[in-house]
Amino acid sequence: MTDLDHQQRGHLAALDAAYARVLDAEGYDGVLLYSGHPARHFADDQHASFAAYGHFMHWTGLSGLAHSWLLVRPGQAPALYFHAPDDFWHLPARLPDEAWVDHFRVEARDEVVPPALPPGRFAALGDIDPAIAAALEAELNPRSLVTRLDELRVRKSPYEVACLREANRRALAGHLAARAAFLDGAGELDCQLAYLGAARSRESDLPYPNIVGINAHGGVLHYQHHDSDAPARRRSLLLDGGHRYRGYCADITRTWSGPDADPAFAPLVEGVTALQRRLIAALRPGVSYVELHERMHAGLGALLAEHGLIRCSAASAVTAGITRAFCPHGLGHLLGLQVHDPGGRVAADGTALPPPAKHPALRLTRELEAGMVVTMEPGLYIIPMLLDRFRHHRDIDWSRVDGLAEHGGIRIEDNVLITDHGPVNLTLHDTE
Ligand code: GLY
Ligand code: MN
Ligand code: MN
């Protein structure tokens, strides 16, 4: 057994106990988790890419296993019904040769319908077809149970942290290769191909579509294309790229200055990086993430003033909403089996914690606790549709702002574990 196998054994034992406690509290005899299935393109025989349901992955880590079911009952080995039909068009699914499989009672099946449930009160969770759900003697996706199970994913076990660290290691290799390709003259598509090659991942296995924005594309927050030609002038590359390891996601962003960058751009990248490091240093149990997000805005105001993009104080820029026009997204979010992991906007007891009205995009509004893994991703962008409403604001130096518009934006994003002894950055390695 490897160290990871041992850690995973502890993870599964803790899940057995936690599910028994939650099911007892909610009055269920068991829960049936459905892994899900890929969507089929309308009137076509092709399918979209697929990722399994988070609670199914919490036990199995199998992000690509569709049409499969897991029955969890306190005091019994969880039963994994995995879909492996005889098929000469596709390679039937096989469970990996890993120690964790022994924790389960495993049954390979060729039907997609759920297994028969024993007598008792059961819940069924997942993206279950309504016709199939109607035939099940189970409550479908009861909110209170789902919220409690979400909460089990908020604090990561040592096994989960090890997986997140490995996903980060692989993603960072992709980032460094993409940066080298960019500096060597590559356009977006070739940066992406360099990333995939070094990270050793096919595109459809990534936890989200990589964002590869050269120049002004870096200012489109979820820019979705990969231009195949390199632009004549290369000012900047913003790459938000991930990886998935045993289900667990990395979510890393780097911004690089190109050979044709305005001299003002690289110091701004350094400024955002320094701000991010300061915010990471403040991560510890008991800290309010909303407060950290507000601290990010104060820091962005100071950065805009220091670099001459605004003429007013940092505090005035925050009050006037200028910093929000430069950064409309949140400081970060919980990370785990999903890039935007659940549980970020509810307290541990299930009370809703909606984001402040001024920061509707903030995905994490709770107090930090040891075991949480969060992203830290301050950004600073030139987004014309947001900045235009300040076009006549005398506190903005438009000649400087417009001079940077073709650089798009800056985001620096790392994945950080909160511990009682301070933050542990899972992204940074000696190679950077
Ligand atoms: N890659 C998506 C995000 O950073 O939240
Ligand atoms: Mn993120
Ligand atoms: Mn990201």
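Everything below is about the structure shown above.
These lines cover the structure that appears in this document, whether it is placed above or below. (Residues numbered from 1 in each chain as written. Chains lettered and ligands numbered in written order. Predicted model: local features only at pLDDT ≥ 70, side-chain atom pairs only at ≥ 80, totals over all residues. Heavy atoms only, no water.)

**Structural notes on the layout of surface pockets**
Part 1 of the reasoning: Taken as a whole, the largest pocket spans an internal volume of roughly 1,500 Å³.
Part 2 of the reasoning: Around the largest pocket sit 47 residues that line it, and Phe 50, Ser 63, Gly 64, Leu 65 and Ala 66 are the ones nearest its centre.
Part 3 of the reasoning: Of all the secondary structure elements, the ones that give two or more residues to the lining of the largest pocket are β3 (79-83) and β8 (236-245).
Part 4 of the reasoning: With 3 residues, the top contributor of residues to the lining of the largest pocket is β8.
Part 5 of the reasoning: The class makeup of the residues in the lining of the largest pocket is 21 nonpolar, 16 polar and 10 charged.
Part 6 of the reasoning: As a volume, the second largest pocket reaches approximately 480 Å³. (1 Å grid on protein atoms, 1.4 Å probe; cavity = no way out; pocket = protein on both sides within 12 Å on 5 of 7 lines; lining within 4 Å. Points joined across faces, edges and corners; volume = space filled by probe spheres on them. Helix = DSSP H or I, 4+ residues; strand = E, 2+ residues; numbered from the N terminus. Nonpolar A, V, L, I, M, F, W, Y, C, P; charged D, E, K, R; others polar.)

**Regarding the coordination of the manganese ion (ligand 2)**
A four-donor tetrahedral metal ideally has 109.5 degree angles, and a six-donor octahedral metal ideally has angles of 90 or 180 degrees.
Part 1 of the reasoning: At this site the manganese ion (ligand 2) is bound by Asp 251 (OD), His 333 (NE2), Glu 377 (OE) and Glu 413 (OE), with donor distances of 2.0 to 2.2 Å.
Part 2 of the reasoning: In this structure, the manganese ion (ligand 2) is coordinated by 6 donor atoms arranged in irregular fashion, with angles at the metal of 50 to 155°.
Part 3 of the reasoning: Read N to C, the donor residues that coordinate the manganese ion (ligand 2) are spaced as D-x81-H-x43-E-x35-E.
Part 4 of the reasoning: Taken as a pair, the manganese ion (ligand 2) and the manganese ion (ligand 3) show a spacing of 3.3 Å, with Asp 251 coordinating each metal. With Asp 251 in strand β9 (residues 248-257) and Glu 413 in the loop between β12 (409-411) and β13 (414-419), the pair connects residues that are 162 residues apart, well separated along the chain. (Donors = N, O, S within 2.8 Å, 3.2 Å for Na, K, Ca; no water. Tetrahedral: all angles 85-135°; square planar, octahedral: opposite > 155°, others 65-115°.)

**What about the pairing of β8?**
Part 1 of the reasoning: With 10 of 10 residues buried, β8 is to be regarded as a mostly interior element.
Part 2 of the reasoning: By the alternation rule, side chains of β8 split into Ser 236, Leu 238, Asp 240, Gly 242 and Arg 244 and Leu 237, Leu 239, Gly 241, His 243 and Tyr 245, which are all buried.
Part 3 of the reasoning: Where strand β7 (residues 211-214) meets β8, 4 bridges bridge the pair, whose relative direction is antiparallel. Bridge assignment links Ile 211 to a residue of β8, and that residue is Asp 240.
Part 4 of the reasoning: Linking two consecutive strands that pair antiparallel, namely β8 and β9, is a turn of 2 residues; a positive phi of about 50° is found at Arg 246 within it. (Buried < 20%, exposed > 50% of the residue type's maximum accessible area, 1.4 Å probe, protein only. Pairing = 2+ DSSP bridges.)

**A look at the sheet that holds strand β1 (residues 30-34)**
Part 1 of the reasoning: Reading across from one edge, β4-β3-β2-β1-β5-β6 is the order of the 6 strands in this open sheet, with mixed pairing throughout. A strand with exactly one partner marks an edge of an open sheet, and here the two such strands are β4 (105-109) and β6 (139-140).
Part 2 of the reasoning: Bridge count between β1 and strand β2 (residues 69-72): 4 bridges; the pairing is antiparallel. Paired with Leu 32 across the two strands is Leu 71, which belongs to β2.
Part 3 of the reasoning: Its contacts with the sheet place helix α1 (residues 3-26) against β1 and β2, and it is angled at close to 115° to β1. (Contact = heavy atoms within 4.5 Å. Axes fitted to C-alpha atoms, helices over the stretch in contact; angles between N-to-C directions.)

**Some words on helix α5 (residues 158-183)**
Part 1 of the reasoning: Taking 1.5 Å per residue, 26 residues should reach 38 Å; α5 reaches 37 Å between its end C-alpha atoms and fits that length.
Part 2 of the reasoning: Following α5 by one or two positions, Gly 185 adopts a phi angle in the positive range, close to 110°. (Expected span 1.5 Å × (residues − 1).)

**Overview of the coordination of the manganese ion (ligand 3)**
Part 1 of the reasoning: Looking at the metal site, the manganese ion (ligand 3) is ligated by Asp 240 (OD), Asp 240 (OD), Asp 251 (OD) and Glu 413 (OE), spaced 2.1 to 2.4 Å from it.
Part 2 of the reasoning: Here the manganese ion (ligand 3) is ringed by 6 donor atoms whose angles at the metal span 57 to 172°, and the overall shape comes out irregular.
Part 3 of the reasoning: Spacing between the donor residues of the manganese ion (ligand 3) along the chain follows D-x10-D-x161-E.

**A closer look at the pairing of β1**
Part 1 of the reasoning: Taken across its 5 residues, β1 has 5 buried, putting it largely inside the fold.
Part 2 of the reasoning: What you see with β1 is no split at all: Gly 30, Leu 32 and Tyr 34 on one side and Val 31 and Leu 33 on the other are buried throughout.
Part 3 of the reasoning: Across 4 bridges, the pairing between β1 and strand β5 (residues 122-125) is parallel. When the bridges of β5 are listed, Leu 32 appears paired with Ala 124.

**Quick look at the nonpolar core**
Part 1 of the reasoning: Of all hydrophobic cores here, the largest spans 63 residues; its most connected members are Tyr 19, Val 31, Trp 59 and Leu 145.
Part 2 of the reasoning: The greatest single-element share of this core, amounting to 9 residues, is contributed by α5.
Part 3 of the reasoning: Beyond its immediate chain neighbours, meaning those up to four positions away, Val 31 contacts Tyr 19, Leu 23, Leu 70, Leu 71, Val 72, Phe 122, Ala 123, Leu 125 and Leu 145.
Part 4 of the reasoning: Core analysis: the second largest hydrophobic core is formed by 49 residues, Leu 275, Leu 303, Met 376 and Leu 387 among them. (Core = buried A, V, L, I, M, F, W, Y, C linked by side-chain atoms within 4.5 Å.)

**Some remarks on unusual backbone geometry**
Part 1 of the reasoning: Residue Arg 200 is not a glycine yet carries a positive backbone phi of 55°.
Part 2 of the reasoning: Of the residues examined, Arg 200 reaches a relative accessible area of 70% and is grouped as exposed.
Part 3 of the reasoning: For Arg 246, which is not glycine, the phi torsion reads 50° and is therefore positive.
Part 4 of the reasoning: Locating Arg 246 in the fold gives a position in the loop between β8 and β9.
Part 5 of the reasoning: Since its relative accessible area comes to 18%, Arg 246 is described here as buried.

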